[in-house]
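Descriptive structure summary
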Amino acid sequence: MREQFQRNGITMFDDQKIVRSATISPSLTKAINESRIAIVILSKKYASSSWCLDELVEILECKKAIGQIVMTIFYGVEPSAVRKQTGEFGIAFNETCARKTDEERQKWSKALRDVGNIAGEDFLKWENEARMIEKISKDVLDKLNATPSRDFCGMVGIEIHLMKVLSLLDLDDDGVKMVAISGPAGIGKTTIARALHSIFSSRFQLSCFVNNLRGSHHSGFDEHGLKLHLQNQLLSQMLNQNDMRISHLGALKERLCDHRVLIILDDVNSIKQLEALANETTWFGPGSRIVVTTENNELMQQHGINYTYHVVFPSDEQALKILCRYAFRQSYPHICFKELALRVTKLCGNLPLGLRVVGSSLRGKNEEEWEEVILKLDTILDHQDIEEVLKVGYESLHENELSLFLHIAVFFNYNDVDFVKSMFADNNLDIKHGLKILVSRSLIHVSTDGEIVMHKLLQQVGRKAVRREEPWKCRILIETPDICDVLERAKGSRAVSGILFDISDIDEVSISSRAFKRMPNLRFLKIYKSKEGGNDIENIPEDIEFPPRLRLLHWEAYPNKCLPPTFHPEYLVQLNLRDNELEKLWEGTQRLQNLQKLDLFGSLNFKELPDLSNASNLDSLDLSGCESLVEIPSSFRNLHKLKQLTMLLCIKLQVVPDHFNLASLTSVVMVGCWKLRKLPGISRNITSLSIADTMLEELPESVRLWSRLETLSIYGSLNISPIWLDRWQERKGADIVTIPDWIKDLHGLTWLHGLSKTCVTARAS
C-alpha cells in the first residue's frame, strides 16, 4: 500500500520506526493531528496492542474535533466482531484489557464500536489484494481533492457547503455554467469560494480569483473605463501578466474562448461588473465555470444566472463549534467555559465572521475577562448589528496593533505585506508582530501571494471608528466634509499620521499654503475622487508646504503645473498623481531611494520626466495618458529594480534610451505610442511585452534572447493585422503557415498576438 500511495503522490506518516512504549509518542500524536485522512487497518490481532488502541482513540478525537476523515480496512475480521469485540478479535481485546483499568477498557470499547460503524473495505470480499489497494488509493486521492486544505479547516461545515456548490457546478458537463453563491455579509461566501478555487483550479487550463470587486464599483471610472479596467485585472491575474493593458472590450473573449477556465468573481454588487467579466457564456471555452459571490440575489436574476447556492446561518451547534475553534482551538469549550461560550455565541447572532473575530479575541482569556466581553455584547441593542459585534472583537487590541488595524482599514487593504512594511519603515510600530497579531485575531488574512485582505465589514467598522474619534486620538482624518477647516484650525494635529479625503461631492476645494505645516508627523495623504464628474475646482497654492516625511502621496486631479519647490520626496514610497495638470514633477535631482511606485496615469500636459537616477527601489512606473511626453530620460537606465513599465497612449513619445536592459524588468506595455519608431534592447528576463499601435519598423536583435517571454502582443505595429495564436490553438491543429526563426527560440511563449502576415498566419480550426 505504501508503494502505491507513493506512486500516486500521497504522503504517508511512517510509524514503523517508532519505538513502542506504554503510551503513543508525541511525534505520532502530532502526525495524527496534522493528517487530513487517517486509515485504520483492523485485523484479528489489532486489539492485542494497547498502542494501537490508544492510537485509535486519538484518531477518533481528531475526527470529532477537526473533522478529520477516517477510512477503515477490515483485514480478515468482520466489522461486527470489531463493534462487539467478539470472536478472535474479542479474545485479543480481553487479554489486553486484563492488565488495564475499567476506564481504559470502556474508552477503547467505545472507540472500537465507533470505528466498526465506519463503512470501509472488507479484504475477504476482494479476490485481488492489489486491486483493493489500487481502489483505496484512488478513494484517498478523491477525498483529498474534495476536502479543503488546512487553510480552510477553521470553517465548520465547509465540506457540506462544497458538496452543494459542486452539485450545481457539475464539473463533468462540457457546457459553460455560471453559478452564484449568495448570502449576507460575513456568512462565509468568500471562504467557500476560496476553498473551491484552491481545490479544483488544477482541473482547468486557466483560473483566477478576482476579489475586491465591490471596491471597483466606486473606482472613479466611467462605464467603458470600468469594464476595461476589470478585464485588465482579470486577464493580468489569469495570465500572470502584471499590469496588463488591453485596448478593447473584445479582448477577454478573444483570449479565453478556446480555454477551459475557472473564474471566481467575489463580492459582486453591480451588473456592470458581470457585463464586463462574464457577459456571455460564449466568451469561455467548453467546460468553463464562472462562480459569483454576492449579497444581491436580484443581480443574479438580471444576469440570467439560474444556479444559486444560498448560504444560510449555521445552527446553534455549528455556531458554538465555530466560536470554540477560534477561542479554544478545538470544536468544544474548555471545562467551566461551556455556559460562557453558549452566551457569547448567542450574542454574536450566529454569524461566522463575528464568531471568528470575537472568538479569537477571547483566546487565552480567563472567566472574568469572558464576562467583561459578554457585558459589552449585552449592551448591543440589536445583535444582528454585526458591526457593533465586530467592534467588541477589536477594541481590546493594544494601542500599536489598533493603530495598524485602522491604517490598514483606511489606506492599505489589498496591499502587499512588504509594501506595507515599507510604509511604516520609519515608524516605531513593530509591523511584523502587529500583522501576526491581526492575523491571529482574525482581523486580516494574508493570501498566499502576500496580499493583506481585510473583510469589507471589518474595513467599514475601522473607518467608522476613525470618523467617530477625534483625529488626534486615532491619528487619522477621513472624509470629513469640513476637512479644509479642520486643517486650518485643528488642535493637536501634530499627532495626525494620515488623511483620506474624497473630493467627489465638493464643489470647490481650497487649502492654504500652510495647511499641513502643523502636521509634521503626517505620513499618508490620499485625496481622491470616487465618482466621475463634479466641478474639479481645486485652489491649491503653488507654494503649499507638504509635510517633510510623507510616505504616501496620492492626489488625484492635482491642479498645479509643478509640485512646490519646497517638496522633498526623500521618504516617499508611493507617489500617485493621476489625472493632474502637471507639466513636470520638480526641478533638478531629488533623493528618491525609498520610492517604489510612481503613477502619473492621465497626466495629459506632462512634458518632462525628472532625473530618476536615485530611484534605486522603483519597481512600478505608469506613464499612461502622458500625451505631451516626448522623451524618456537616460537616467531610466539606473532603475535596476523596475519590474513594470506601462505607457499607454503616450502619443508624442519618440525618444527612449537605447537600452532597457534592466535585469529586473519583466513587463513592458507600449500601446498607442504612435510616434515610436524604435524599440530599445530589452532585458532577457522579460515575461510580458505589449507593443501596439506604434510606428515600429523592426524588433531589436535581442528578441532571440527573450527566453522567458510568455506573452507577446505587437498588433497595429509593423504594418500588421491582428492575429491571435496560442499554444492551445496549436494543439487543436491551427493552420500555421510560417513562423520566423526567432519565434522558435521563445520556448516559454504562451500567447502571441499580431505578427506580420509575412511571418505568421493563424487560422482557428
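All residue numbers refer to position in the chain's written sequence, counted from 1. Restriction of local features to residues with pLDDT of at least 70 applies here, the model being predicted, together with a cutoff of 80 or more for giving and counting side-chain atom pairs; totals for whole chains, interfaces and linings are based on all residues. Note that water and hydrogens are dropped before the side-chain values are worked out from all heavy atoms of the structure.

**Regarding the packing of helix α20 (residues 399-412) against helix α22 (residues 431-440)**
Axis definition: a line fitted to C-alpha atoms, over the contacting stretch in the case of helices. Angles run 0 to 180 degrees between N-to-C directions. In this description a helix means any DSSP run of H or I spanning at least four residues, a strand means any run of E spanning at least two, and both kinds are numbered starting from the N terminus. One way to put it is that α20 packs onto α22 with a least axis distance of 9 Å and a crossing angle of 80°. Taken together, α20 and α22 sit at an angle that is classed as roughly perpendicular. Between α20 and α22, the contacting residues are Glu401, Leu404, Phe405 and Ile408 on the first element and Ile431, His433, Gly434, Leu435, Ile437 and Leu438 on the second. Of the residues belonging to the contact of α20 with α22, the class tally is 7 nonpolar, 2 polar and 1 charged. Orientation labels follow simple angle bins: below 35 degrees gives roughly parallel, above 145 gives roughly antiparallel, 65 to 115 gives roughly perpendicular, and whatever is left gives oblique. Every residue pair with non-hydrogen atoms within 4.5 Å of one another is taken to be in contact. For this scheme, ten residues count as nonpolar: Ala, Val, Leu, Ile, Met, Phe, Trp, Tyr, Cys and Pro. Four count as charged, namely Asp, Glu, Lys and Arg, and the remainder, Gly too, count as polar.

**Some thoughts on the confidence of the model for the protein chain**
Taken as a whole, the protein chain shows an average pLDDT of 82; of its residues, 84% reach a score of 70 or greater. Each residue carries a pLDDT value, the predictor's own confidence for that position, ranging from 0 to 100. Every residue in residues 719-737 is under pLDDT 50, and counting partners more than four places away or in other chains gives 56 contacts. Here residues 755-765 scores under 50 on pLDDT; set against residues more than four positions off or in separate chains, the count is 32 contacts.

**A word on the packing of aromatic side chains**
Stacked, tilted and edge-to-face pairs are distinguished by plane angle, under 30 degrees for stacked and over 60 for edge-to-face with tilted covering the rest, among Phe, Tyr and Trp rings (Trp via its six-membered ring) whose centres lie within 6.5 Å. Counting across every chain of the model gives 15 aromatic pairs. Ring plane angle 75° and centroid distance 5.5 Å describe the contact between phenylalanine 546 and phenylalanine 567, whose orientation is recorded as edge-to-face. With a gap of 21 residues between them, phenylalanine 546 in the loop between β15 (537-539) and β16 (552-555) and phenylalanine 567 in the loop between β16 and β17 (574-576) connect regions that are remote in the sequence. Clustering of aromatic rings is evident, with ring pairs tying together Phe516, Phe546, Trp555, Tyr558, Phe567 and Trp586. The criterion for a charge sitting over a ring is simple: Lys NZ or Arg CZ within 6 Å of the ring centre, and within 35 degrees of the ring normal. Note that lysine 177 overlies the ring of tyrosine 307, its terminal NZ or CZ placed 4.0 Å from the centroid. In this arrangement the basic side chain of arginine 260 is found over the ring face of phenylalanine 204, its NZ or CZ atom lying 4.5 Å from the centre.

**Side note on the environment of valine 671**
With respect to the helices, strands and loops of the structure, valine 671 is situated in strand β22 (residues 667-671). Valine 671 sits in the buried class, given a relative accessible area of 4%. A C-alpha to C-alpha distance of 8.6 Å links valine 671 and isoleucine 246, two positions 425 residues apart in sequence. Among all residues touching valine 671, those that are not within four sequence positions of it are Met647, Leu648, Leu649, Ser690, Ala692 and Tyr715. Exposure categories follow from relative accessible area, calculated using a 1.4 Å probe and restricted to protein chains: below 20% of the type maximum is buried, above 50% is exposed, and the middle band is partly exposed.

**Here we look at the sheet that holds strand β4 (residues 177-182)**
Taking strand neighbours across the sheet as the criterion, the 5 strands line up as β5-β6-β7-β4-β8 in an open arrangement whose pairing is parallel. Each edge of the open sheet is held by one strand with a lone partner, namely β5 (206-210) and β8 (307-310). Taking each pair of neighbouring strands and ignoring which way they run, the sheet shows an average axis angle of 15°. A strand pair is defined by DSSP finding two or more bridges across the two strands. The sheet contact formed by β4 and β8 spans 4 bridges and is parallel. Across the sheet, the residue bridging to isoleucine 181 is tyrosine 309, located in β8. Taken strand by strand, helix α8 (residues 158-169) contacts β4, β7 (289-294) and β8, and its axis lies near 170° from that of β8. On the sheet, helix α11 (residues 223-238) packs against β5 and β6 (261-268) and is oriented at approximately 130° with respect to β5.

**Comments concerning a positive patch on the surface**
Among the surface-exposed residues, Lys561, Lys607, Lys652 and Lys675 lie close enough to one another that they form a single positively charged patch. Accessibility expressed as a relative area gives 39% for lysine 652, which makes it partly exposed. Any residue with relative accessible area above 30% and no salt bridge may belong to a patch, with like charges joined within 9 Å and the nonpolar Val, Leu, Ile, Met, Phe, Trp and Tyr side chains within 5 Å. Computed with the Shrake-Rupley method and a 1.4 Å probe, the accessible areas treat only the protein chains shown as cover for residues. For this analysis, a salt bridge means a side-chain nitrogen from Lys or Arg found within 4 Å of a carboxyl oxygen belonging to Asp or Glu. We score Asp and Glu as negative and Lys and Arg as positive, and we do not count His or the chain ends. The location of each charge is read from NZ of Lys, CZ of Arg, CG of Asp or CD of Glu.

**Looking at the nonpolar core**
Take the buried Ala, Val, Leu, Ile, Met, Phe, Trp, Tyr and Cys residues and link them wherever side-chain atoms come within 4.5 Å; each set so joined is a nonpolar core. Counting residues in each nonpolar core, the largest one holds 88 residues, and the members touching the most others are Val344, Trp370, Leu377 and Phe424. Not counting chain neighbours up to four residues away, the residues in contact with phenylalanine 424 comprise Leu404, His407, Phe412, Leu429, Ile431 and Phe524. Ranked by size, the runner-up nonpolar core spans 74 residues in total, among them Ala515, Phe606, Phe636 and Leu699.

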